[in-house]
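Architecture at a glance
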Amino acid sequence: MTTPNPNLNEQEPFIPPFYMLILAGIGLLIAVVVALTQATFSVVGWGGLGLAVLSVIVWGFMAPQQVKSMLTGRTARYGGTTVLITALFLIALIAVYSFVKGRSLRLDLTQRDTFSLTEDTRKAIAGLAVEPNVPNIRILAFYETADASQRDQASILFDDYAKTSQNKISYEFVDPVRSPGLAQAYKIQSTSSSSISRFAVAPLDAEGNPIPDKAQTVSFLSQEDLTNAIMRVAASGDFRAYFLSVGDTLKLTDTGGSGMSDVNSVLKDTFNWKTEEVNMVDLTAPQSSIQLNDPAADGEVLVVAGGTTPLSDAQAKFITDYLDKGGKLVIYAAPLNADGTPTLATADNLSSYLYSNFGVRFANDVVLDQQQAVNGIPFFVAASNMDTFSSITRDVAGNANVFAIFNTSRSIELAPTTPANVTITQLVQSSGTSYAKTDPAVLQATEISQTDAAETDAKGPFVLAASAENSQTGAMVVLFGSVDVPTNQYTLLSQQGVANRTISLTSLFWTTKFEDFFTQIPQLAAQQRPQDAPIVVAPEVGRNVNFLTLILLPFGVLAIGIAVWWNSREKRAS
Amino acid sequence: MRQIFAVFKRELGLYFRSPVAYAIAFGLLLFFGILFSNSLSQAAVQQGTADQLNFIPSILTFLLFLVAPLLTMRLISEETREGTLEVLMTLPIRESQFIIGKFLAVWAYYTVILLLTLVYYYVLTVVGVPDTGRTVGMYLGAWLYGGATLAVTMIWSAVTEDQVVAAFLGAATVLVLYLAEVAASAISNLPNVNPAIGTFIRELGFQAHYDATMLNGVIRAEDILYFVFMIVAALFITTRIVEVRRWKS
């Protein structure tokens, strides 16, 4: 008697196939728990999902007959696997939906072009796309989770910006509640109902990160406002600051306490200015590459920081000629020379010109204050009395916690009669307790008592910084009594309420009309559409509308219903 | 297709012979009329624009949580309770054709009501200049929205024989789907919760696919697909329920 050979195909598998389904269930459970409890779908979650998928595939290979009957048999249509089949069907629908959603296919039917760019905007943005000097730009839209619908609307418009600009303009949604630091950096308030601005348009740096300092904020989702902000951000402008290097004037790239590297880096990196240290040879040589009063520049200023020796008459004439032609000058005065000789700022060849043409000049003194001084040292005058109207000082004026340090400062004399066409502004003043000494020996004092106020000393307040503008020639000058105002040792104290960096920068912005530059960029005006016209309801039209909507339509339908009911009643009766 | 059309014709005839359907239409149109007239007179004084008055479809979609269950509660539950479902199933017609025919009939009735509200758009063209493109998007969205809610409420009509229970459950389901956005927002604000969960819940709801986009005249492919898939899925589920019931009986 032979023993029939077992049919290998009918052997039970080593592991029952349904174990794979259990394993798949466990994997899926892990994935769901991770998804619900963790902020991100971590490796554990992906591992669980992968386990589930692999287990199902292995089950399919282990028991193909079970799979077939499950999908096509009677149990699939009427039995317990109906739920599973339905679930798989729904998952398939979700997968197709997700795929289509990723394609971002949309159509704006509105006649107002509310969610797509108008022709004017399209031209402006397309122009930016081909301009190589325009940086990449990011629109940051701050929406909380409750504003999801508005976010959807905004994304439609932003997609059009991105597409038209050939992805030079990108966008990003930020939740201000989850990212409060970012919202603060762009001055965005966190609540959706009281936001002062919701959008920030910022250029990107070389690493592709938006630069908050250069961002423009926009309050509402308005195509015109957003486009204008983009244009302002894109317009880098050609602004130049030339720092005169003669004798012992401050050095632009010096990173030490008495250098100006901080102001230099802010101008170049944040505001994209061109800064250059130049000497008189650079400026006066016939074939010089530097051309002052260059009409191609959007703004230009000459800065003279310090200098203990006077300029030659020819050099001084070069500067005065420059001013006569509408030039801009910011000058920081070096303190008294020990031997009483004039410095660059107080030499007659420059000082008398400034006095007669602008009504301002540096005095031969040093201002001290024993009450409002840093660390009680009278030479370090802490001036908080600043002009509230001038754009140079208005951002820091009126705040008792903010002051500018004027170390060993001269006072500024104002002419009793202002020259014609000239406007003088007293930017910074010392306090009423200040006094001024004219003896250079005071600078060698070793004790505070040697700096006490004497009867002969002039009493404050003194003007420590002033601006003057000639409306006829366009020339503008800003005088600072202390050469240390723009130095790193004070500009790097801006976080402690020291205003030196601010006024050093704003004096340059004022002379070059840097902030006005943005208002001159062509702006898109909101287009008027026929749909913006208010409705006009004549009394007769109103009556007809009421009759139609309140009587005819609803009661007409009711009458038809009653007629239908009556007919069917009669038919039933018959 | 012939079978579907036969069921469709029968059901549509029943709707237009039913006083309940006319009562629903009357109630809706009277409510819309009062709302519209009042808004029109206020807007005329405040110099509002025509688009500000073009809100009737959005009101209709909101009211669908009441209207849709009323329209669909008897569709299958009545047949089940009166025993006519088994008779119908002996006819040479598949369950899916039967369900689709019924659904198309109720959707057609809803379409008639929706088209009647175009009267308000016509009035707006007389008194001002409404945005026609936006109106097209609004009505297309309202039509699909209506189809989806009707399909969803049909499920409960297949589940239970009791029409009142079917209507109640249908209303609750539509309301839950309507408020999914609110729920998503609340969930997203919870700590240690993946924001994707909130997004997923929001995407399940009706408002995310109508309010932000179609109501404002923007047609997105995923929104159209959402409503179509919602109809397909609901009808699929309804068909499965009817098949299971038939198999069990």
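In this report, we go over the structure that sits alongside the text. The residue numbers shown here count from 1 along each chain, following its written sequence. Think of it this way: whatever chain is written first is A, whatever ligand is written first is 1, and the rest follow in order. Restriction of local features to residues with pLDDT of at least 70 applies here, the model being predicted, together with a cutoff of 80 or more for giving and counting side-chain atom pairs; totals for whole chains, interfaces and linings are based on all residues. Values reported for side chains reflect all heavy atoms of the structure, with hydrogen atoms and water molecules removed beforehand.

Focus: helix H2 (residues 19–46) of chain B
Residues and elements named next belong to chain B. Runs of E in the DSSP output that reach at least two residues are strands. Runs of H or I that reach at least four are helices, and both are numbered from the N terminus. Helix span, expected: 1.5 Å multiplied by one less than the number of residues in the helix. Over its 28 residues, H2 extends 40 Å from the first C-alpha to the last, a length consistent with the 40 Å expected when each residue adds 1.5 Å. As used in this structure description, the phrase polar contact means that two N or O atoms lie within 3.5 Å; if the pair is within protein, one of them must be able to donate a hydrogen and the other to accept it, and residues adjacent in sequence are counted only when both atoms belong to side chains. The backbone nitrogen of Val 20 has a side-chain oxygen 3.2 Å away, supplied by the residue at the start of H2, namely Ser 18. Looking one or two places after H2, you find Gln 47, whose phi comes out positive at around 55°.

Looking at the interface of chain A and chain B
If you look at the interface, chain A gives 60 residues, while chain B gives 71 residues. Defined in terms of a 1.4 Å probe, buried area is the accessible area two parts forfeit on being brought together, summed over both. Together, the buried faces of chain A and chain B total about 5,800 Å²; carbon and sulfur atoms form 66% of this surface. By convention in these notes, a salt bridge is any Lys or Arg side-chain nitrogen within 4 Å of a carboxyl oxygen on Asp or Glu. Taken together, the connections running from chain A to chain B amount to four salt bridges. A salt bridge links Asp 152 of chain A to Arg 202 of chain B; the nearest nitrogen and oxygen atoms lie 2.7 Å apart. Every element with two or more residues in the side of chain A that touches chain B is listed here: helix H1 (18–37), helix H4 (74–78), helix H5 (82–103), strand S1 (106–108), helix H7 (148–164) and helix H17 (539–573) of chain A. Examined bridge by bridge, S1 of chain A and strand S1 (residues 218–220) of chain B share three bridges and lie antiparallel to one another. Counted as the bridge partner of Arg 106 of chain A is Arg 220 of chain B from S1 of chain B. Residue contacts are defined here by distance: any two heavy atoms, one from each residue, within 4.5 Å place the two residues in contact. By this definition, two strands are paired if DSSP reports at least two bridges between them.

Description of the packing of aromatic side chains
Only Phe, Tyr and Trp rings take part, Trp by its six-membered ring, and two of them pair if their centres are within 6.5 Å. Stacked means planes under 30 degrees apart, edge-to-face means over 60, and tilted covers everything else. Overall, the coordinates contain 32 aromatic pairs over all chains when judged by the stated rule. When the centroid spacing of 4.2 Å and the interplanar angle of 25° are considered together, the rings of Phe 89 of chain A and Phe 236 of chain B count as stacked. One end of the pair, Phe 89 of chain A, is in helix H5; the other, Phe 236 of chain B, is in helix H12 (residues 221–248), on a second chain. The buried label applies to any residue whose accessible area, calculated with a 1.4 Å probe on protein chains only, is under 20% of its type's maximum; exposed applies above 50%, and partly exposed to all values in between. Given a relative accessible area of 19%, Phe 236 of chain B falls into the buried group. Every member of this aromatic cluster is reached through a ring pair, and the members are Tyr 143, Phe 158, Tyr 171, Phe 173 and Phe 199 of chain A. In our convention, an over-ring charge means Lys NZ or Arg CZ found within 6 Å of a ring centre and within 35 degrees of that ring's normal. Over the ring of Tyr 355 of chain A we find Arg 361 of chain A, and its NZ or CZ is 3.7 Å from the ring centre. Across the ring face of Tyr 15 of chain B, the terminal group of Arg 74 of chain B is positioned such that the distance to the ring centre comes to 5.6 Å.

Considering the environment of Tyr 121 of chain B
All names here are of chain B. On the secondary structure map, Tyr 121 appears in helix H7 (residues 118–127). Separated by 68 residues in the primary sequence, Tyr 121 and Leu 53 have C-alpha atoms spaced 8.9 Å apart. Not counting the four nearest positions on each side in its chain, Tyr 121 is found in contact with Asn 54, Pro 130, Thr 132 and Thr 135.

With respect to a nonpolar patch on the surface
Residues and elements named next belong to chain A. Only residues whose relative accessible area exceeds 30% and that take part in no salt bridge are eligible for patches, with like-charged residues grouped when within 9 Å of each other and nonpolar side chains (Val, Leu, Ile, Met, Phe, Trp, Tyr) grouped when within 5 Å. Residue exposure ignores everything except the shown protein chains as possible cover, and the areas themselves are Shrake-Rupley values with a 1.4 Å probe. A contiguous nonpolar surface patch, about 900 Å² in accessible area, is contributed by Ile 15, Phe 18, Tyr 19, Leu 21, Ile 22, Leu 23, Ile 26, Ile 30, Val 44, Leu 51 and Val 56. Only H1 and helix H2 (43–62) provide two or more residues apiece to the nonpolar patch. Per element, the largest residue contribution to the nonpolar patch is seven residues, and it comes from H1. Within the fold, Leu 23 resides in helix H1. For Leu 23, a relative accessible area of 33% translates into the label partly exposed.

Concerning the sheet that holds strand S18 (residues 458–459) of chain A
Residues and elements named next belong to chain A. Strands sit in the order S11-S17-S18 across an open sheet of three strands; the sheet is antiparallel. Strands at the two margins of the open sheet, each flanked by one partner only, are strand S11 (366–368) and S18. With three bridges joining them, S11 and strand S17 (residues 435–437) adopt antiparallel strand pairing. Note on S17: the bridge partner recorded for Val 366 is Lys 437.

Brief notes about unusual backbone geometry
All names here are of chain A. For the bond running from Gly 460 to Pro 461, omega is 5°, close enough to zero to count as cis. By the element assignment, Pro 461 lies in the loop between S18 and strand S19 (463–470). At Gln 166, a residue that is not glycine, the phi angle is positive and equals roughly 55°. Mapped onto the secondary structure, Gln 166 falls in the loop between H7 and strand S3 (169–174). For Gln 166, a relative accessible area of 60% gives the class exposed.

Details of the nonpolar core
A general feature of soluble globular proteins is that nonpolar side chains tend to end up buried together. Only buried residues count toward a nonpolar core. Its members are Ala, Val, Leu, Ile, Met, Phe, Trp, Tyr and Cys residues joined through side-chain atoms within 4.5 Å. In terms of nonpolar packing, the biggest core is built from 75 residues, with Phe 36, Phe 103, Phe 206 and Phe 227 of chain B touching the most fellow members. The biggest single contributor to this core is helix H8 (residues 132–159) of chain B, with twelve residues. Here Phe 103 of chain B is in contact with Gly 147, Leu 150, Ala 151, Met 154, Ile 231 and Leu 235 of chain B, once residues within four sequence places are set aside. The next biggest cluster of nonpolar side chains, apart from the first, holds 43 residues, and it includes Val 301, Ala 383, Ala 397 and Val 428 of chain A.

Quick word on the side chain of Glu 11 of chain B
Residue and element names in this part refer to chain B. For Glu 11, the location among the structural elements is in helix H1 (residues 2–17). Look at Glu 11 and you get buried, because its relative accessible area is 0%. Not counting residues within four places of it along the chain, the set of residues in contact with Glu 11 comprises Arg 74, Leu 75, Glu 79, Lys 102 and Ala 105.

Structural notes on the sheet that holds strand S20 (residues 476–480) of chain A
Residue and element names in this part refer to chain A. The strand order S7-S6-S8-S9-S20-S19-S16-S13 describes an open sheet built from eight strands, whose pairing is mixed. Edge strands, defined here as strands with exactly one partner in the open sheet, are strand S7 (274–278) and strand S13 (385–386). Across seven bridges, the pairing between strand S16 (residues 422–429) and S19 is antiparallel. Pairing of Val 428 across the sheet is with Ala 465, part of S19. An axis is simply a line fitted to the C-alpha atoms; with a helix, the fit covers only the stretch in contact. Between two such axes, the angle follows the N-to-C directions and lies from 0 to 180 degrees. Contacting strand S9 (328–332), S16, S19 and S20, helix H13 (residues 348–358) crosses the sheet at an angle of about 115° to S16.

Things to note about the pairing of S20 of chain A
Residue and element names in this part refer to chain A. Of all the five residues making up S20, five are buried; the element is thus mostly covered by neighbouring parts of the structure. Neither face of S20 is left uncovered, since the one carrying Met 476, Val 478 and Phe 480 and the one carrying Val 477 and Leu 479 both have all their residues buried. One ladder, built from five bridges, connects S9 with S20; its direction is parallel. Paired with Leu 329 across the strands is Val 477, a residue of S20. What sits between the antiparallel neighbours S19 and S20 is a turn of five residues, in which Gly 474 has the positive phi angle 85°.

Points about the pattern of salt bridges
Per the counting criterion, the structure on display carries 25 salt bridges over all chains. Ionic pairing is found between Arg 361 of chain A and Glu 413 of chain A, a salt bridge with its closest N-O pair at 2.9 Å. On the criterion of sequence distance, the pair formed by Arg 361 of chain A in strand S10 (residues 360–362) and Glu 413 of chain A in strand S15 (residues 412–414) is long-range, its members being 52 residues apart. For Arg 74 of chain B, the salt bridge goes to Glu 11 of chain B, with nearest N and O atoms at 3.3 Å. Taken together, the residues Arg 74 of chain B in the loop between helix H3 (56–72) and helix H4 (77–82) and Glu 11 of chain B in helix H1 connect sequence positions 63 residues apart.

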